[in-house]
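Here is what each chain is made of, one letter per residue.
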Amino acid sequence: MQFPLWSLVQQLSLLSTAVTAGMTLVPAGIAVVVVRSAARSAQRRLVLASAMGTGGVLAAAAARRWAGHEGFDTSTAPIAVWMALAVMVALTVALALGWGRTSWAMRGVAVVGVLIGITTSMLGVNNWIGYYPTVGALVDAATGREPVPLGGIAAIRASRLRGQIPQGGRAFVLPRSAGDSFRARTEYVWLPPAWFDHGDHSFDVVVLIPGVINTPRDWIVSGGAIDSAQDWARRHSGRAPILVFADPSGALSNDTECVNGPRGRAETHLTTEMVRRLDSALADGRPRDLVVAGWSMGGTCAMTLAARHRQLFPRFISISGDPRPSVVGGPSATTRELFAGRRDALQQHSIVTLATAMPAGSVAGFLAASYRRGTPPGRSKEVQTVQMVSSALGRTRQVATTVVKPG
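We now turn to the structure provided with this report. Worth saying up front: this structure is predicted, and the values here are computed from it rather than measured.

In this structure, S237 is a non-glycine residue whose phi angle is positive, near 55 degrees. The residue S237 is located in the loop between α9 (225–234) and β4 (242–245) in this model. A positive phi angle, close to 60 degrees, is found at S320, a residue other than glycine. Of note, S320 is situated in the loop between β8 (315–319) and α12 (330–339). The exposure class assigned to S320 is buried, which follows from its relative accessible area of 9%.

What follows is the structure, encoded as structure tokens:
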């Protein structure tokens, strides 16, 4: 039974920067009260306020640095993200230093303020990354509800044999294989309506690879990939690409960069095992042209996989990718964590290096980057990457580059 009020709550947006900024005022106000309660003299208040400010600023700076190491373009983050984190840490410092000088009631209020600060910080990150656009999307993820109605592959095949064409296409979970060398999380496939007819046309298959702190379902929930594909199909007589929501990590923070190494055989999974499982699941005998696409770490993967496996992925889409695999800690950590210390392997996975050995016209790519409106594009790490990669590929006549500026 669905309650009307709950339906309205589920539709509430979680992407409001104004709400995040407003909520930040709550722990900020509580912090002021805690300072006045814990420090009676002006000198003590100044010392306590200085400690709070230092802790908040250092925490925000450390978080920004960590996010940059993880491959995020921190120039695109709303300032509310860092403000919320700084205020939350500042209140935590005030609570810790003033614990013995405040009443239990004030301690309770301060603890509630810290919890509100943590929630506000998480909302700020969500504003930036866009994981959960609505309350309903967050609840679905927390309860394990599937992001889209799913069908069994046997029933889907039967529908095609009977000529039953679903208006919005069908989605299913890509079956696992006992012989896979990589423990992937749940991967999804969406089939357009045209797949269910009996024509002999081929299909593009877009393999979508998420970032590090992502799951395959995020393309569906926050990226709206299936909604966009359904809209395209409605305007093109049911034709649209097959979408495969692949998992390159096996865990939320396992940054594999889609290579084979100590963190898993991600490259083999994406180029061999997953493709074999897809062919087995569809079993339609139709030719398929694969396109690899990704953002953040997935964008790096898209470029690398296309360059290293040109016959499999002759086209790629990279959104905010890096020119070479990179993990927290820089090149030395990348060499150690991804390639077991083999320095030459890092260069063998650099798109700029690989471009020099690619035959002309063997691959086509689309590169995109984001940057905050009003900020010079040249200051964006993502824009710099696009310029460097497109220049390298353009010199070897691999990719024709078009630069589109935001209006």
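Attention shifts here to helix α10 (residues 266–282). Between its terminal C-alpha atoms α10 stretches 22 Å, which fits the 24 Å expected from 17 residues at 1.5 Å a residue. Of all 17 residues in α10, 13 are buried; the element is thus mostly enclosed. Directly after α10, the chain includes A283, whose backbone phi takes a positive value near 45 degrees.

Take the packing of helix α2 (residues 17–38) against helix α4 (residues 79–97) next. The contact between α2 and α4 brings their axes to 9 Å, and the two run at 20 degrees. On the basis of their axis angle, the class for α2 and α4 is roughly parallel. The hand of the α2/α4 crossing is left-handed. Contacts from T17, T20, T24, P27, A28, I30, A31 and V34 of α2 reach α4 at A80, M83, A84, V87, L91, A94 and L95.

Next up on the list: the packing of aromatic side chains. This structure, assessed with the given rule, holds three aromatic pairs. Ring plane angle 65 degrees and centroid distance 5.9 Å describe the contact between W82 and W128, whose orientation is recorded as edge-to-face. Taken together, the residues W82 in helix α4 and W128 in helix α5 (residues 104–129) connect sequence positions 46 residues apart. Here the two residues W82 and W128 agree in accessibility, since each one is buried. Centroid distance W99 to W104: 5.7 Å. Interplanar angle 85 degrees. Geometry classified as edge-to-face. We classify W99 as partly exposed; its relative accessible area is 36%.

Tallied over the entire structure, the rule returns one disulfide. Two residues, C258 and C301, share a disulfide whose sulfurs are 2.1 Å apart. Its torsion about the S-S bond being 90 degrees, the disulfide of C258 and C301 is classed as right-handed. With C258 in the loop between β4 and β5 (260–261) and C301 in helix α11 (residues 297–308), this pair connects stretches of sequence that are 43 residues apart.

What counts and how
Residues numbered from 1 in each chain as written. Predicted model: local features only at pLDDT ≥ 70, side-chain atom pairs only at ≥ 80, totals over all residues. Heavy atoms only, no water. Helix = DSSP H or I, 4+ residues; strand = E, 2+ residues; numbered from the N terminus. Buried < 20%, exposed > 50% of the residue type's maximum accessible area, 1.4 Å probe, protein only. Expected span 1.5 Å × (residues − 1). Axes fitted to C-alpha atoms, helices over the stretch in contact; angles between N-to-C directions. Parallel < 35°, antiparallel > 145°, perpendicular 65-115°, else oblique. Left-handed = near helix turned anticlockwise from the far one by under 90°. Contact = heavy atoms within 4.5 Å. Phe/Tyr/Trp six-rings, centres within 6.5 Å; stacked < 30°, edge-to-face > 60°. Disulfide = S-S within 2.5 Å.

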